[in-house]
Amino acid sequence: MRDYRVAEVWLACIKEGCEQSATLELANDAYVRVIVTPFLLGAANGYLVLLQDLSHLHRLETVRRDFVSNLSHELRTPLASIKALVDTLRDGAIEDPPAAVRFLERMEVEVDEMTQMVQELLELSRIESGQAPLRLFPTSVDKLIEPVIERLRAQAGRAGLTLNVVLPANLPEVMVDADRVRTVILNLVHNAIKFTPPGGFVTVSARLAPDASPDAVVISVADTGIGIPAEDVPRIFERFYKADRARSGGGTGLGLAIAKHTVQAHNGHIWVESTENVGSTFSFSLPLVHLPLTNQ
Ligand code: ADP
């Protein structure tokens, strides 16, 4: 490692005659802690230079800071709006019953959204901490997809979209917690509907994973929507991340984080391929049922 700052720590150690340390920021978001200490037998015998890679810890710290600031931001907006509505009511709108009812309805919408967000956060932390054990059963893939399609078909129609399902016959069963996987599919299809302009297509499909991982089924949700800018793709599964706040349509940014943790709890992967103004395809893998079944 050729960096004058390492030499500086070493020089300080020589000068002070005792252990010296410093944290250095390198290129590419890498952080290194340098510790230089004289040998116990005496500095004449040399110095021990320790380099610790702190990049991972630093990244975790950044994620934690971002999380707190995002959460505060997400709560501040609806709270400010409720406060403004309360002030308006107090300043006289309460004497005007039709207006008062309208204001109360808007307050209710804000409160419902905050409640939804808190529920999603709790769900996320339950999945992450392993407190929500999966109830795994062999399940056929169409039983995962069909109920979601039934539920969202009308909404897709209202949005002027065509919702298709492409399912090969004889797909093997997967070992999943069906309710949780349906929530993942629901979230992906819901997003596809939200981010696709009228006249577009949303296609839910399933296939046996290619040879690289033959023990899985891959479920995909493809849309012909606005797509995701390339620079946002690596962060799209983070809590609260929204590619384009102005166009995110009032979502919380938690849906994909929950999807990721649910899929990972099933030992699966989730990923996205997307081109701006062309569309996005979200895919995730689910493990097949292995014979003999453990719960037979
Ligand atoms: P929400 O939809 O509640 O904002 P998500 O975690 O489900 O939260 O999605 C995070 C962000 O990812 C969205 O705000 C949006 O910017 C982007 N996104 C998700 N799905 C799509 C999609 N199908 N097309 C374009 N952008 C998407």
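Going by the structure above, here's the rest.
Since the structure is predicted, the reported quantities are computational estimates derived from the model, not experimental observations.

Peer 1: Could you give an account of the pairing of strand β10 (residues 279-287), naming the residues involved and the relevant values?
Peer 2: Taken across its nine residues, β10 has seven buried, putting it largely inside the fold. Looking at chain direction, strand β8 (residues 216-223) and β10 are connected through seven bridges and run antiparallel. Residue pairing for β10: Ala 222 is matched across the bridge by Thr 281. Note that strand β9 (residues 270-275) and β10 share six bridges and pair antiparallel. Note on β10: the bridge partner recorded for Ile 270 is Phe 284. The turn linking β9 back onto β10 is made up of three residues, and Asn 277 within it adopts a positive phi angle of 65°.

Peer 1: Could you give me a rundown of the sheet that holds strand β2 (residues 31-38), with the residues and numbers involved?
Peer 2: Taken in spatial order, the three strands make up an open sheet running β1-β2-β3, and their pairing is antiparallel. Each edge of the sheet is formed by a strand with only one pairing partner; in this case those strands are β1 (20-25) and β3 (47-53). Each strand axis lies, on average, 20° off the axis of its neighbour in the sheet, ignoring direction. Across the sheet, helix α1 (residues 4-16) is in contact with β1, β2 and β3; its angle to β1 comes to roughly 165°.

Analysis parameters
Residues numbered from 1 in each chain as written. Predicted model: local features only at pLDDT ≥ 70, side-chain atom pairs only at ≥ 80, totals over all residues. Heavy atoms only, no water. Buried < 20%, exposed > 50% of the residue type's maximum accessible area, 1.4 Å probe, protein only. Helix = DSSP H or I, 4+ residues; strand = E, 2+ residues; numbered from the N terminus. Pairing = 2+ DSSP bridges. Axes fitted to C-alpha atoms, helices over the stretch in contact; angles between N-to-C directions. Contact = heavy atoms within 4.5 Å.

The analysis is restricted to geometry; functional conclusions fall outside its scope.
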